[in-house]
Amino acid sequence: MSDTVLRLTGIRKGYNQGKPGEVHVLRGCDLEVRRGEVVALVAPSGAGKSTLLHIAGLLDTPDAGTVEIAGEMMQAKSDKRRTEVRRAEVGFVYQFHHLLPEFTALENIVLPQLANGVARAEAEARAKALLETVGVGDRAAHRPAAMSGGEQQRVAFCRAMANGPKLLLADEPTGNLDPETSDRVFAALMQLVQETGLSAVIATHNLELAARMDRRVRLSGGHLTEG
Ligand code: ADP
């Protein structure tokens, strides 16, 4: 089995091609993320982080280049297969939690598992265990509005992990939190990643957080560079 969970090769992406307002956001990006590796994606705002993460997570397609997830080349695959791989292998976390407001923390983590064919009792047990891991086990019955920003984001991490993905993609996951909360929530995320042994690409502006990851890649001028 391949030890590479994500491989991006020669990824190019632009918007409004051939029209006024044409932008070339990604100009040939290569990235390899191995099993268990946590990679910081550091870039100024507007550099194309979200575009890159969407392509890596099969939410968007590149103009050129290849995306390989858990050993499977994705570009020639049907929409159905891309959706299956995204659901099974990729977890997303955004700057804002995007939890469903009318459901409890627990239900927010149970629902994606039910959609994936997991039995309710098993889904609830897994949701509880995930919430415990990030220190919000006592908030399981709370709705998002009754939780702090840091707690909401921890629940969002658990939801991203609900179906046991191999790859976590996070876009400024602590960008909306004050520095102290950000620090604690980031530590919870790292613990979850390490305990589940999954690989992660975490976009951040915060160089202190980036320094705590295994590797750093910078996105600038449409290219990725190590360091
Ligand atoms: P980041 O996440 O690093 O802030 P994005 O990937 O969101 O950057 O955007 C990169 C660039 O591409 C920006 O200049 C943005 O305005 C442009 N862009 C993003 N999405 C679109 C789109 N759908 N149409 C046109 N331009 C876009």
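These numbers were taken from a predicted model, which means no experiment stands behind them.

*Asks:* I keep staring at the pairing of strand E3 (residues 38-42) and nothing clicks. Help me out?
*Replies:* Among the 5 residues in E3, 5 count as buried, and that is most of the element. Neither face of E3 is exposed, since Val 38, Ala 40 and Val 42 on one face and Val 39 and Leu 41 on the opposite face are all buried. Note that E3 and strand E8 (residues 199-204) share 5 bridges and pair parallel. Bridging from a neighbouring strand, Val 42 pairs with Thr 204 of E8. When E3 meets strand E9 (residues 215-220), the two strands line up parallel, connected through 4 bridges. Note that in E9 the partner of Val 42 across the bridge is Arg 218.

*Asks:* Hey, could you run me through the site of the ligand in this one?
*Replies:* Taken together, Tyr 15, Val 25, Pro 44, Ser 45, Gly 46, Ala 47, Gly 48, Lys 49, Ser 50 and Thr 51 are the residues near the ligand. The backbone of Gly 46 places a nitrogen or oxygen atom 2.7 Å from an oxygen atom of the ligand. Separating an oxygen atom of the ligand from a backbone N or O atom of Lys 49 is a distance of 2.8 Å. A total of 560 Å² of accessible area belongs to the ligand in isolation, and the protein chains cover 58% of it. Here the shell around the ligand takes 3 residues from helix H1 (residues 49-56), the largest share from any one element. A class-by-class count of the residues in the shell around the ligand yields 4 nonpolar, 5 polar and 1 charged.

*Asks:* I keep staring at the packing of helix H3 (residues 105-115) against helix H5 (residues 149-161) and nothing clicks. Help me out?
*Replies:* Helices that pack against each other are described as a pair by the angle of their axes relative to one another and the distance between those axes. Taken N-terminus to C-terminus, the directions of H3 and H5 make an angle of 20°; their axes are 8 Å apart at the nearest point. Taken together, H3 and H5 sit at an angle that is classed as roughly parallel. Taken as a pair, H3 and H5 cross one another with a handedness that is right-handed. Residues Ala 105, Asn 108, Ile 109 and Pro 112 of H3 touch H5, and the partners they reach there are Val 155, Cys 158 and Arg 159. Grouping the constituent residues of the contact of H3 with H5 by class yields 5 nonpolar, 1 polar and 1 charged.

How each quantity is defined
Residues numbered from 1 in each chain as written. Predicted model: local features only at pLDDT ≥ 70, side-chain atom pairs only at ≥ 80, totals over all residues. Heavy atoms only, no water. Buried < 20%, exposed > 50% of the residue type's maximum accessible area, 1.4 Å probe, protein only. Helix = DSSP H or I, 4+ residues; strand = E, 2+ residues; numbered from the N terminus. Pairing = 2+ DSSP bridges. Near = heavy atom within 4 Å. Polar contact = N/O pair within 3.5 Å; in protein donor to acceptor, adjacent residues only side chain to side chain. Areas by Shrake-Rupley, 256 points an atom, 1.4 Å probe, with all protein chains shown as cover. Nonpolar A, V, L, I, M, F, W, Y, C, P; charged D, E, K, R; others polar. Axes fitted to C-alpha atoms, helices over the stretch in contact; angles between N-to-C directions. Parallel < 35°, antiparallel > 145°, perpendicular 65-115°, else oblique. Left-handed = near helix turned anticlockwise from the far one by under 90°. Contact = heavy atoms within 4.5 Å.

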